[in-house]
Amino acid sequence: MGIEINKPGSMELLMGNEAIARGALEAGVGVATAYPGTPSSEIITNLGKVAKKMGLYVEWSINEKVAVEVAAAAALSGVRSISAMKQNGLNVALDFLANLVLSGINKGMVLMVGDDPGAQSSSNEQDSRDLAKAIDIPILEPATFQECKDMTKWAFELSEVISNVVMLRSVTRVSHARGNVILGELPAEKNRAHFDTSKKYRGIGGVAAGLHQAVHEKSKKVAEIFESSPFNFYSGPEKPGLLIFTCGSGWLYTMEAIRTLGIEGSVGVAKLGTTWPLPHKFIKTNLARSERVLVIEEVDSFLETNLKEFVVDHMPGYHKFYGKTSGHTRPYGELNVDMVMGAIASLLSMEYVALSPEYEKKSREVAAAWVPPRTSQLCPGCPHRATYWAMKDALKKDGRDGVVAGDIGCYAMGVFPTGFSQINTIHAMGSGMGVASGLGKLDIFGFKQPVLAMTGDSTFFHAVVPPLLNAIHSEADVVLVVMDNSGTAMTGFQPHPGTDKGASGEARPKVSVEKLCESLGVPVTKVDPYDMAATKKAFYDVLQDKGKTRVIISRRECALIRANMQLGPIAKMHIESEKCFGDDCGCNRYCTRVFKCPGLMWDKEAHKARIDEAVCTGCGVCVGVCPQSAIVAEAIK
Amino acid sequence: MNLDKEPINLIITGVGGQGNILISKLLGQAFMEEGYTITIGETYGATQRGGSVASHVRISKEKVPYSPVTPKGRADIILGLEPSETMRMVTSFGYEGTMVVTNTRPIHPLEVAIGEVEYPSQERIEACMKELVDRAWYVNASDIALGLGNALLTNIVMTGALMGTSLLPLGREKIERQLKLTFKGGKQAVNLEAFELGYTAVT
Ligand code: SF4
Ligand code: SF4
């Protein structure tokens, strides 16, 4: 059972992202592209699975800009397309998108962006709506799983009416949650592509300002269409004492808060599925219901600000707005029902206590104090732990206080103790190498520290090649470390140009990281991080090789890939207990305290280290860690 | 015992990799087929790599779905695949009426494995539950699963235990039906057995 089942009218329990993928199928999508990123990845994963059966072209593109370009090519040639990404990805794609909105398209194209309020799996919690508005892209925000599907389908139709891209903005709690969805029809026709060469899609040649004007005109038309959107509706009393304007995930929280507080009779809810451009009549009619307006949305005060601006122009005078700017909700982090209940209760001067203070006190005293923390860590047997260990050792021996510019992926854990806190900077995809390229040119200012940039294989292809070229050409003194674990581990092993499979499992040519680097004329050193001695030496040697850009490829498949392929342990590990002095050893539990692989545990009774056989993958990396050589690996043949 | 309230809030908690998403899907699907509106929200701790994971299953008869995260102090049932994670959920979502069904086998967090932090003893956990929740059932689901030859069956044993408590307004056969739809071939028998052993462990 997948998203392609042909049973119109049947009800399925779908994840928000599955519902979006289903909506695209119902709309007759032909091309789907993305670069993986939580919480957006499942859309393309699911479309990839049914590509063959449904006659689609699906790809994991090299980065978000390319993903949107590939999708646009389809939409320019008469084939409906969708491109999905997370909020950070929109930044990457923005350069192209800002121009695409001027040239327009010819068939429906949906830009799906998954925002991550609370930054649960992200380096920021940017609100992508601000960027979409900045470049005049209409915004739709699904609130329920059913809307995820229905709105996606509708977004394609809207896109065709205005010959332009439409954005569907979801958030983690909608994209990654599951709920009831009633399926619609799947189309029967096949897609046909043809590019009409009599047409020119362009912004250059002095036409941009005119096109910009046309886009603004189009915006008015979109606002007009939004007036009759089924995704905008009001519920509640005719003249409520408090009016709530809300959209997307905020609507679910709001409805639950109202039910829980039992105030259906006094609070009205205007729900907007179309948050930009604003449908004037709908807004006016609803704002007229009450002078007191609370706006509930995630993350920024996007709707709130736009409503206020609308009021200044169209209904000046008497409205009072509450929300992020008034401090009734937070302009950062995730929303939840408790926060919404708190905001409503304070505006209605109601008393609302989530939990009796006695229960809270008791729970803190008797239980919370005993709940052990569970922090971020690299998996047992993770090749990155080994690479970081070798790097740490080499940097220490080198003694020049080396700087490490990090990047986005599992290896970002290198900022924390389980990656031995090696990373000094971490920003966007590919920024490690970019920052390193800059650091590597500071010698004229007396900068003497060696510089390392980290990247994974997927990130290498996504955004590291241009800054690598930059470093080579500018003769930056930098070591690029490619931690190649053969997949996009962080988001669930999506393929990339360095792997031999495509989005639907089809065979694809592999691009070789080393051949690419070698062809650029930089020295390349290859190591297997499980071979700790050789890796340490390679790191040290490459660090000494001053003056130019060079590359280390530290290659070993992700421990989860090994587990999935049931490759089994490489070695059988044990601790020779007579050699381990335990608590009496001067090492002060060096193996567990510093090396921190979850496969090593401290045996409280024996006062010695022990291998946790259920957890250890037998990578053998910890062998050299113990100063007493008490950790022993027995090779498995 | 049979919970009959609107909505029923069930939280399934554990550590990444223990398969709590599968439980939420099995239960959600079964309830949906009985005409309920379901929302399942997933929350991860700092990371998916061995971090805390919880699925919030909200079971309702109303049309408008509930939000994906249970409000504070409103979990009716907490199904715990790992004891310290069960405690964590009780402290954030429990109330006096909460029912708890928990596995007793710990998965030590790194801080415990390396000897920096102490893991609560079974006595301590039971004492906490006595103070904080209405009733708790303890099942050594990991051992039962290992007895069937696969630790990965722990989640199905726990699902059986949950159904054995009769807390949910749903017959056990509805879950068995889902298990049969989900698992085919040789896997089916062992999953049904795991379910049965969990069921009888609490009845
Ligand atoms: S998923 Fe793979 S790369 Fe990521 S932490 Fe685990 S072993 Fe390392
Ligand atoms: S061999 Fe050592 S480093 Fe590798 S997984 Fe086992 S305990 Fe961890």
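**Student:** Please clarify how the side chain of Ser41 of chain A should be interpreted in this entry.
**Tutor:** Residues and elements named next belong to chain A. With respect to the helices and strands, Ser41 occurs in the loop between β2 (31–34) and α2 (42–54). What makes Ser41 buried here is its relative accessible area of 4%. Setting aside anything within four residues of it in sequence, one finds Ser41 in contact with Asn17, Pro36, Trp60, Thr491 and Gln494.

**Student:** Whenever I open this one, the nonpolar core confuses me. Can you help?
**Tutor:** Proteins that are soluble and globular tend to have nonpolar side chains buried together. All names here are of chain A. Ranked by size, the top nonpolar core spans 45 residues in total, and within it Ile44, Leu47 and Ile82 carry the most contacts. Considering each element in turn, this core owes the most residues, 8 residues, to helix α6 (residues 145–162). Setting aside anything within four residues of it in sequence, one finds Ile82 in contact with Ile20, Ala24, Val29, Val31, Ala32, Thr33, Leu47, Ala71, Val110, Met112, Thr152 and Phe156.

**Student:** What am I meant to see in the site of ligand 2 here?
**Tutor:** Every residue lining ligand 2 is accounted for by Gly381, Met573, Phe595, Cys597, Gly599, Leu600, Cys616, Thr617, Gly618, Cys619, Gly620 and Cys622 of chain A. When the residues that make up the shell around ligand 2 are grouped by side-chain class, the tally is 7 nonpolar, 5 polar and no charged.

**Student:** When you look at the pairing of strand β2 (residues 37–44) of chain B in this model, what are you seeing that I'm missing?
**Tutor:** Remark: a regular strand shows side chains that alternate across the two faces of the sheet. Most of β2 of chain B is tucked away, with 7 of its 8 residues classed as buried. As paired strands, strand β8 (residues 178–182) of chain A and β2 of chain B are joined by 2 bridges and run antiparallel to one another. The residue bridging Arg178 of chain A from the neighbouring strand is Ile40 of chain B, located in β2 of chain B. Examined bridge by bridge, β2 of chain B and strand β3 (residues 52–60) of chain B share 8 bridges and lie antiparallel to one another. The residue bridging Gly41 of chain B from the neighbouring strand is His56 of chain B, located in β3 of chain B.

**Student:** Help me understand the site of ligand 1 in this model?
**Tutor:** What surrounds ligand 1 is a group of 11 residues, the closest being Cys379, Cys382, Cys410, Asn485 and Cys558 of chain A. The environment of ligand 1 is shared, with nearby residues belonging to chains A and B. In the shell around ligand 1, the residues fall into 8 nonpolar, 2 polar and 1 charged.

**Student:** Mind showing me how you'd approach the sheet that holds strand β14 (residues 320–322) of chain A here?
**Tutor:** Sheet strands pair by backbone hydrogen bonding; their relative direction is either parallel or antiparallel. Residues and elements named next belong to chain A. Read from one edge to the other, the open sheet built from 5 strands follows the order β9-β11-β10-β13-β14, with strand pairing classed as mixed. Strands with a single pairing partner mark the edges of an open sheet, and in this sheet they are β9 (233–235) and β14. Neighbouring strand axes in the sheet, compared pairwise and without regard to direction, differ in orientation by 25° on average. Sheet analysis places strand β13 (residues 292–296) next to β14, joined by 3 bridges and oriented parallel. Within β14, the residue paired with Val293 across the bridge is Phe321. Of the strands in this sheet, β10 (242–247), β13 and β14 are in contact with helix α12 (residues 337–347), which crosses β13 at around 170°.

**Student:** Could you clarify how one ought to interpret the state of the cysteines in this entry?
**Tutor:** Simply put, disulfide is the name for a covalent bond between the sulfur atoms of two cysteines. Residues and elements named next belong to chain A. Here the structure, examined in full by the defined rule, presents 0 disulfides over all chains. Cys247 provides the cysteine sulfur closest to Cys148, a residue in no disulfide bond, and the two sulfurs are 14 Å apart. Of the residues examined, Cys148 reaches a relative accessible area of 0% and is grouped as buried.

**Student:** Which parts of the structure should I look at to understand the packing of helix α15 (residues 431–439) of chain A against helix α16 (residues 457–473) of chain A?
**Tutor:** Angle between the axes and distance between the axes are the two parameters that describe a pair of packed helices. All names here are of chain A. In the contact formed by α15 and α16, the axes pass within 8 Å of each other and the chain directions differ by 10°. Taken as axis vectors, α15 and α16 run roughly parallel relative to one another. The handedness of the crossing between α15 and α16 is left-handed. Contacts between α15 and α16 involve Met433, Gly434 and Ser437 from the former and Val464, Pro467, Leu468, Asn470 and Ala471 from the latter. Residues of the contact of α15 with α16, tallied by class, amount to 5 nonpolar, 3 polar and no charged.

**Student:** Looking at this structure, how should I read the sheet that holds strand β18 (residues 524–527) of chain A?
**Tutor:** All names here are of chain A. Taken together, the 5 strands give an open sheet; going across it, the order is β15-β16-β17-β19-β18, and neighbouring strands pair in parallel fashion. Of all the strands in the sheet, the pair left with one neighbour each is β15 (403–405) and β18. Strand-to-strand twist of the sheet, defined as the mean angle between neighbouring strand axes without regard to direction, takes the value 20°. In terms of strand pairing, β15 meets strand β16 (residues 451–456) through 3 bridges, oriented parallel. In the strand pairing of β16, Ala405 is matched with Ala453.

**Student:** Explain helix α10 (residues 280–287) of chain A here, please?
**Tutor:** Three- or four-residue spacings in an α-helix give side chains the same orientation, since the helix completes a turn every 3.6 residues. All names here are of chain A. Among the residues making up α10, those that are buried are Phe282, Ile283, Asn286 and Leu287. Buried residues in α10, looked at end-on, bunch into an arc of 120°, giving them a common side. Buried positions along α10 lie against β9, β10, β11 (267–272), β13, α11 (302–314) and β14.

**Student:** What should I look at first to understand the interface of chain B and chain A in this one?
**Tutor:** It is common to give the size of an interface as the accessible area lost on bringing the parts into contact. On the chain A side, the residues contacting the 61 residues of chain B number 56 residues. Inspection of the region where chain B meets chain A yields 6 salt bridges. One can count 22 residue pairs in polar contact (both at pLDDT 80 or more) joining chain B with chain A. With 8 residues, β2 of chain B is the largest single contributor of residues to the side of chain B that touches chain A. Broken down by class, the residue content of the side of chain B that touches chain A amounts to 28 nonpolar, 17 polar and 16 charged.

Calculation notes
- Residues numbered from 1 in each chain as written.
- Chains lettered and ligands numbered in written order.
- Predicted model: local features only at pLDDT ≥ 70, side-chain atom pairs only at ≥ 80, totals over all residues.
- Heavy atoms only, no water.
- Helix = DSSP H or I, 4+ residues; strand = E, 2+ residues; numbered from the N terminus.
- Buried < 20%, exposed > 50% of the residue type's maximum accessible area, 1.4 Å probe, protein only.
- Contact = heavy atoms within 4.5 Å.
- Core = buried A, V, L, I, M, F, W, Y, C linked by side-chain atoms within 4.5 Å.
- Near = heavy atom within 4 Å.
- Nonpolar A, V, L, I, M, F, W, Y, C, P; charged D, E, K, R; others polar.
- Pairing = 2+ DSSP bridges.
- Axes fitted to C-alpha atoms, helices over the stretch in contact; angles between N-to-C directions.
- Disulfide = S-S within 2.5 Å.
- Parallel < 35°, antiparallel > 145°, perpendicular 65-115°, else oblique.
- Left-handed = near helix turned anticlockwise from the far one by under 90°.
- Arc of directions from axis to C-beta.
- Salt bridge = Lys/Arg side-chain N within 4 Å of Asp/Glu carboxyl O.
- Polar contact = N/O pair within 3.5 Å; in protein donor to acceptor, adjacent residues only side chain to side chain.

Purely geometric stuff here, so don't read any function into it on its own.
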